[in-house]
Structure formats: structure tokens, C-alpha cells
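Structural description and commentary
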Amino acid sequence: MIKRTRAEISKCIIHKVANKYNSGQNALSENLIRFDEESYELLLPFLLKPFGTVTQSYRFNHHADIKLNEINKYTSDIFENEEMFIEHSKNIVNHLYEQSNSANIKTGDVIVAFFDGLEYKDVLTEAIGIFKIESKVDFFQTYLDDTSYDVVVQQGISTKKLDKGCLILNSSDSEGTVVLSVDNNNYDAQYWIRNFLNVKYADDRNLHTQNYLELCKDFSEEVIKPEFGKQEQSTFLANTVDYFKEHESVDYHSFKDDVFAEDKHKDMFEDYKKHFEKLNDVLIRNNFEVSDAVLKKEKSKFKTEIKLDTNIQIKIDVDAPDASSEYLERGYDEDKKMKFYKVYYNTEK
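Residues numbered from 1 in each chain as written. Predicted model: local features only at pLDDT ≥ 70, side-chain atom pairs only at ≥ 80, totals over all residues. Heavy atoms only, no water.

Examining the overall build of the protein
Rules: Secondary structure elements are taken from DSSP: a helix is a run of H or I of four residues or more, a strand is a run of E of two residues or more, and numbering for both begins at the N terminus. Partly exposed describes any residue whose relative accessible area lies between the buried limit of under 20% and the exposed limit of over 50%, with all areas from a 1.4 Å probe on protein chains only and scaled to the type maximum. Where accessible areas are quoted, they stem from the Shrake-Rupley method and a 1.4 Å probe; at the residue level, only the protein chains shown are allowed to cover. Counted as positive: Lys and Arg. Counted as negative: Asp and Glu, with His and the chain ends omitted from the count. Think of each charge as sitting on NZ of Lys, CZ of Arg, CG of Asp or CD of Glu.
When its secondary structure is counted, the protein shows 10 helices and 16 strands. Across the 349 residues of the protein, 43% fall into the buried class. Total accessible area on the protein stands at roughly 20400 Å², and carbon and sulfur atoms take up 44% of it. Seen as two clouds, the 46 positive and the 64 negative side-chain charges of the protein have centres 3 Å apart.

Printed below as a string of C-alpha cells:
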């Protein structure tokens with residue numbers, strides 16, 4: 001989604017956010033971080049790397065007026081006047097604190113940073129990043145005690161995984177300001193995305209592709225698997241992936257014709273689509289352009305393994321739509337009184 005080749009941190013500050021539910025108190029800094037070269041070179045990729053693989057973006061939301069969205073207000077002010085960075089970084093942390101209405105919400109360090117030179121859709125732009133560090137790791141620190149070395153256990157921030165973070169870009173389209181977000185500690189789905197940021201997915205090909213693939217995944221799990229078995233489920237998922245790979249855009253009616261051989265299966269899919277839309281409060285588009293990035297990410301969630309009670313597993317390649325029907329047969333052995341799968345192959349890999 002973004003490229004960080006030319007990215008630089010121009011301003012950065014760290015605050016401590018507490019938990020309002022437990023009557024904690026925030027600890028707010030008054031001054032910006034003064035980096036040495038080593039810490040800067042370590043922090044920059046730690047903050048930005050997770051956003052390189054993000055496939056979907058968000059836009060700010062508000063029930064009355066988008067200008068009343070707190071994070072939208074604070075970041076817009078900073079883009080207009082960078083002198084407000086420290087003041088509004090405190091307001092951001094205080095707003096985050098107000099969303100901690102549960103004991104499950106974790107305290108932590110909050111890093112607010114101003115980035116220059118981020119590349120988004122081939123254009124360089126600025127961004128404000130908000131990052132919450134919730135997890136600390138233990139590490140050994142050696143030190144010299146008189147004439148001998150000793151060791152002590154300390155806690156610090158791991159550079160392997162960012163807990164929560166967002167980038168608000170100084171870039172917008174017809175839907176509003178572009179917002180990117182990552183959350184590797186999804187203990188409360190409402191807390192970060194809805195309550196703190198108050199954002200919704202952008203209405204684009206990424207969202208449409210994800211919704212449709214989630215529809216197909218759930219249909220395979222809730223209808224095909226119990227009705228027709230795991231082999232048919234795997235075949236359907238592989239055919240779905242094949243259709244998306246072969247078409248630049250999806251047409252709902254041609255999809256049904258390509259994937260389903262029988263009209264009754266098309267009717268079952270039509271009925272489930274209505275159920276899925278109502279249950280998830282989404283609208284599945286009948287026509288939309290395919291997002292290859294989302295397809296690559298979502299197809300990894302498709303389960304195509306057949307697990308048997310004899311401790312044997314058969315894994316079907318979701319990118320090979322004809323493999324299951326051509327090289328896998330299911331039957332019943334009268335002598336053993338057991339079901340079986342017969343697999344055809346030329347060589348072992």
C-alpha cells in the first residue's frame with residue numbers, strides 16, 4: 001500500500017496511556033525525541049514496515065459531521081500547522097484513554113510521529129503515525145560489576161511486531177482522508193478501529209473483493225461442507241480462486257455459471273448471499289474490479305485440507321481447480337466397512 005524508501009521521521013514523541021476503567025493516569029511528554037543514529041535507524045522501519053503489506057485503506061467516519069471526528073480534527077490541524085504537533089499528540093493520547101472502557105484494554109507507550117517522503121500510489125506525501133506499544137519482552141542485560149560481568153533481566157519493546165498502529169496520510173480522494181491501520185492484538189474489535197479512530201473501509205475494489213471472498217469462504221463452510229463434504233468444498237474454493245485469477249472484474253451471474261454446474265447450487269448460493277448480507281450488514285456488489293492483492297491475502301485463509309479420523313490428511317492446492325475432480329476419488333469399501341479416498345499421481349514430490 002505504501003513505500004518507505006524515501007521516508008523520514010521529522011517529529012516524534014512518546015507518551016504513556018493508562019486505562020480509564022482502572023482509574024489510571026496518563027503520563028505525557030513535553031518534548032520531542034532526540035534520536036541518535038542507531039535508534040533512528042531501528043525505529044523507522046519498525047514503525048513503517050507493517051504497512052507495506054496492508055491491502056485495504058479506511059476513511060474517517062462520524063454520525064453527524066466528519067469534521068467532528070477527533071483524530072481527523074487533530075491530524076488535519078497538524079498538517080496545516082506543524083507547531084501544533086506536541087499539543088495535539090497529547091490530545092490524541094487523551095482521546096485514546098477515553099476509549100478504555102474495559103479492563104481488557106491494555107496500557108502502554110504511545111508513539112506519535114510525523115513522516116515525510118512516504119510514497120502512496122506513486123506520489124510522495126506526508127503522514128502522521130499513531131502507534132500503541134502494549135507488549136514488552138524480557139531481555140538479558142550484561143553489565144560490569146567491579147572486575148566481573150553480571151547479568152540482569154530488563155523489559156523493552158520488541159522490534160519484531162507492532163501491536164497497534166495507524167497512518168493518517170496527507171492525501172485524500174472523493175471519500176476523504178486515507179487512513180491505514182494494523183492491529184496485531186485483536187482483543188477488542190471495537191476499541192482501535194471504531195472507538196478510537198472511528199473509521200470505515202474505503203468503498204473500493206479491495207473492499208468488494210474481500211466481501212465477496214468472505215461470502216464464498218463462509219458459504220463453503222456452512223453449506224457445501226455439511227451438505228456435500230470436504231472434497232466438494234475444496235473444489236468450490238479452488239474454482240472461486242481460479243475465476244478471480246482469470247477475470248479482471250467479477251460478474252455475479254457469470255461467476256455462478258462458471259463455478260456451479262447445477263441450478264440448485266446456484267439457488268443455494270443466491271439464498272446464502274442474502275443471508276450473509278443481512279447477517280454482516282454488507283452489500284455484496286454484483287459487478288466489481290478484482291483486487292489481486294486482496295485475492296492473494298484472502299485465499300490463504302481458504303481451508304482445503306481433508307482431515308481423516310485415521311490420522312491422515314489430504315491437502316488440495318487451492319490454485320489447482322481441476323486437481324480434486326480429476327485425481328481424487330471417494331468411495332466405500334464393503335469389506336472394511338469404511339469410506340476411502342483414492343489419489344492418482346505420477347511421481348512423489
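A closer look at the pattern of salt bridges
The cut-off we apply is this: Only one rule defines a salt bridge in this text: a Lys or Arg side-chain nitrogen within 4 Å of an Asp or Glu carboxyl oxygen.
With the rule as written, the count across this model stands at 22 salt bridges. In this structure, K217 engages D218 in a salt bridge whose closest nitrogen and oxygen atoms are separated by 3.5 Å. On the basis of relative accessibility, which here comes to 25%, the residue K217 falls in the partly exposed class. Here D218 falls in the partly exposed class, since its relative accessible area comes to 21%.

Brief notes about the pairing of strand β9 (residues 176–183)
Inclusion rule: In short, DSSP must find at least two bridges between two strands for them to pair.
For β9, the tally of buried residues reaches 6 of 8 residues, placing the bulk of the element in the interior. As judged from the 7 bridges shared by strand β8 (residues 164–173) and β9, these two strands associate in the antiparallel manner. Residue pairing across strands places C166 opposite S181, the latter belonging to β9. In this structure, the hairpin formed by β8 and β9 is closed by a connection of 2 residues.

Observations concerning the packing of helix α5 (residues 205–228) against helix α9 (residues 292–299)
Just so we agree on the cut-off: Only C-alpha atoms enter the line fits that serve as axes; for helices the fit covers just the stretch in contact. Angles between N-to-C directions range over 0 to 180 degrees. Angles are sorted into four bins: roughly parallel if under 35 degrees, roughly antiparallel if over 145, roughly perpendicular if 65 to 115, and oblique for all others. We call a crossing left-handed when the near helix sits turned anticlockwise from the far one by less than a right angle, and right-handed when that turn is clockwise. Note on contacts: a residue pair is in contact if any heavy atoms of the two residues lie within 4.5 Å. Following the grouping adopted for this structure description, the nonpolar residues are Ala, Val, Leu, Ile, Met, Phe, Trp, Tyr, Cys and Pro, the charged ones are Asp, Glu, Lys and Arg, and the polar ones are all others, Gly among them.
It is the contact of α5 with α9, at a shortest axis distance of 9 Å, that shows an interaxial angle of 30°. In terms of orientation, α5 lies roughly parallel with respect to α9. Helix-helix and strand crossings are classified by hand; for α5 and α9 the assignment is right-handed. Packed against α5, whose contacting residues are N206, T209, Q210, L213 and E214, the element α9 presents V294, L295 and E298 at the interface. In terms of residue class, the contact of α5 with α9 is built from 3 nonpolar, 3 polar and 2 charged.

Some points on the nonpolar core
For clarity, the cut-off: The set of buried Ala, Val, Leu, Ile, Met, Phe, Trp, Tyr and Cys residues whose side-chain atoms join them within 4.5 Å is what this entry labels a nonpolar core.
Core analysis: the largest hydrophobic core is formed by 29 residues, its most contacted members being I71, I130, I168, W192, F196 and L197. Of all the secondary-structure elements, those providing two or more residues to this core are β2 (8–17), β3 (58–60), α2 (70–80), α3 (85–98), β4 (108–120), β5 (123–133), β8 and α4 (191–197).

Quick notes on the side chain of S291
Mapping S291 onto the fold places it in the loop between β12 (287–289) and α9. Note on S291: relative accessible area 4%, which makes it buried. In contact with S291, other than residues within four places in its own chain, are R205, N206 and T209.

Concerning the environment of T240
Of note, T240 is situated in helix α6 (residues 230–246). You can call T240 buried: its relative accessible area is 0%. When the C-alpha atoms of T240 and T125 are compared, they prove to be 37 Å apart, with 115 residues separating the residues in sequence. When neighbours within four sequence positions are excluded, T240 is seen to be in contact with L213, C216 and F255.

Concerning the packing of α5 against α6
Contact pair α5 / α6: the axes reach a minimum separation of 8 Å and the direction vectors enclose 160°. On the basis of their axis angle, the class for α5 and α6 is roughly antiparallel. Relative to α6, α5 is oriented so that their crossing is right-handed. Contact residues: T209, Y212, L213, C216, K217, F219, S220, E221, I224, K225 and F228 in α5; K230, E232, Q233, F236, L237, T240 and F244 in α6.

Here we look at the pairing of β5
Taking burial as the measure, the 11 residues of β5 include 8 buried ones, the bulk of the element. As paired elements, β4 and β5 share 10 bridges and run antiparallel to each other. Of the residues in β5, the one forming a bridge with E119 is L124. The hairpin formed by β4 and β5 contains 2 residues between the paired strands, and K121 there has a positive phi angle of roughly 55°.

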